[in-house]
Amino acid sequence: MSTPQTPAAAPTPGHSLKHLAVHLITPLLMCLGMALAYQGAFHQPEPHHLKVAVVGTGAQAQGLAQAVQEKAGAALDVRSVPDRATAERQLRDRDLVGAFVPDAKSPELIVAKGNSDTSVVAATAVFTNVTDRQGVPLHVTDLTTPAKGDPTGQGLFFLLVALSIGSYASVAAIGAAGAGLSMRIRALTGVAVSLVVSVIGIVTAGPVFHVVDHSYAAIWALGWLYSAGIVLIGIGLHSFLKKWTTLALMVLFVMLNFTSSGGIYRPELQNGFFGGLHGFWTGAGYLEGARSILYFDGGAGLGGHLLTLLVWLLLGGAALVAAAMYEGRGRRRVEMPIETPVESSVEAEEEMEEAVAV
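Residues numbered from 1 in each chain as written. Predicted model: local features only at pLDDT ≥ 70, side-chain atom pairs only at ≥ 80, totals over all residues. Heavy atoms only, no water.

### Here's the deal with the layout of surface pockets
Alright, step 1. Roughly 250 Å³ of volume is contained in the second largest pocket.
Alright, step 2. Lys71, Ala72, Leu76, Val126 and Asn129 are, among the 13 residues lining the second largest pocket, the residues nearest its centre.
Alright, step 3. When residues of the lining of the second largest pocket are traced back to their parent elements, those giving at least two are helix H2 (59-72) and helix H4 (117-134).
Alright, step 4. Top contributing element to the lining of the second largest pocket by residue count: H4, with six residues.
Alright, step 5. When the residues that make up the lining of the second largest pocket are grouped by side-chain class, the tally is 10 nonpolar, one polar and two charged. (1 Å grid on protein atoms, 1.4 Å probe; cavity = no way out; pocket = protein on both sides within 12 Å on 5 of 7 lines; lining within 4 Å. Points joined across faces, edges and corners; volume = space filled by probe spheres on them. Helix = DSSP H or I, 4+ residues; strand = E, 2+ residues; numbered from the N terminus. Nonpolar A, V, L, I, M, F, W, Y, C, P; charged D, E, K, R; others polar.)

Now the structure itself:
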């Protein structure tokens, strides 16, 4: 005859409220972080050393360049270039945002919108003021050809968003549901998942929406490199941070990443903090690398952007090695308790809910 089991006591309201409060910490921190990051990065775009040029060697061109610089102060970095060919070369190298060609009847501003549409808008406003005083319209010539599905050149930013969310959300599933697997298997799974994420990205951005209209293989490879860096860093961090991993990845790859990528505003329109991150953060490496491939024939600093992505991938490898060593020491010290399928399922579900709460 079996002994009747005593039903477990129901949790008290105080205990339930405490449990609820602990779980609300993460979404509230996400809210605070997103508000600070996005509003801090985008709330007041102003030019800071926006690089423009006046084309010409005569006294008129030199005087105009000096007058514009004196009036703008630190907002602009005005130089003079001897001829149109030099101006176009510097625009294609992404060393300039705009080059103004003075003319009494038909003044022209040469730009490369593939570099940044919002920066071009700022440069156009500067020289429109000049031509308005002359009483003549400003003619704008774009050296780059935007993709059919991306006339402003900002579609690449939304591709970056898709790749990022697909990558860090996958970490939650691998870390929770795959916690019992070896680090090697988790790492290989992460590489495979990042491959799938990159394929989804190039298919939707290419044949579906035509944000990318050529160099599919190069943009896909860049996306895989970018996604793999995020996933491997996330898998490594999960061993140390557990349920806080999603929040950490949102800080690294959403709050600081999207805002410093240059997708909305490049550094010349941002404050020093986010403009500084642009020089070495992984999202900027991907986005500027993709721009270099699509709009500047693989030049304009592509090698440096590839190096940025490789450094972040190496950081992911280092995080995996550190996590494997940490887990190995833990297994040697104590025998880990067996996690029930229910507990594992609840943990995975909680982490997945946090991962998609962007």
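### Brief notes about the packing of helix H6 (residues 183-208) against helix H7 (residues 216-241)
Alright, step 1. At a minimum axis distance of 8 Å, the contact between H6 and H7 shows a crossing angle of 145°. Regarding H6 and H7, the two cross each other, and that crossing is right-handed. Counted together, Met183, Arg186, Ala187, Gly190, Val191, Ser194, Leu195, Val197, Ser198, Val199, Ile202 and Gly206 of H6 and Tyr216, Ile219, Trp220, Gly223, Trp224, Ser227, Ala228, Val231, Leu232, Ile235 and Ser239 of H7 form the full contact between these two elements.
Alright, step 2. Here the residues of the contact of H6 with H7 sort into 15 nonpolar, seven polar and one charged. (Axes fitted to C-alpha atoms, helices over the stretch in contact; angles between N-to-C directions. Left-handed = near helix turned anticlockwise from the far one by under 90°. Contact = heavy atoms within 4.5 Å.)

### Things to note about the pattern of salt bridges
Opposite charge on two side chains lets them pair, provided their charged atoms get close.
Alright, step 1. Scanning the entire structure with this criterion turns up seven salt bridges.
Alright, step 2. One salt bridge in this structure joins Glu268 and Arg266, with 3.3 Å as the shortest N-O distance. Taken as a pair, Glu268 and Arg266 share a single burial class, namely buried.
Alright, step 3. Where Arg266 meets Glu288, a salt bridge forms, and the shortest distance between an N and an O atom there is 2.7 Å. (Salt bridge = Lys/Arg side-chain N within 4 Å of Asp/Glu carboxyl O. Buried < 20%, exposed > 50% of the residue type's maximum accessible area, 1.4 Å probe, protein only.)

### Re unusual backbone geometry
Alright, step 1. In this structure, Ser215 takes a positive phi of about 55° despite not being glycine.
Alright, step 2. One can find Ser215 in the loop between H6 and H7.
Alright, step 3. A positive phi angle, close to 55°, is found at Asp297, a residue other than glycine.
Alright, step 4. In this fold, Asp297 is placed in the loop between helix H11 (282-295) and helix H12 (302-333).

### A short note on the packing of aromatic side chains
Alright, step 1. In the structure shown here, the tally under the stated rule is 12 aromatic pairs.
Alright, step 2. On the numbers, 4.8 Å between centres and 40° between planes, the contact of Phe240 with Tyr326 is tilted. Of this pair, Phe240 sits in helix H7 while Tyr326 sits in helix H12, and the two are 86 residues apart along the sequence.
Alright, step 3. Residue classification places Phe240 among the partly exposed positions, given a relative accessible area of 39%.
Alright, step 4. Site record: aromatic cluster; members linked through ring pairs are Phe253, Phe280, Trp281 and Trp312. (Phe/Tyr/Trp six-rings, centres within 6.5 Å; stacked < 30°, edge-to-face > 60°.)

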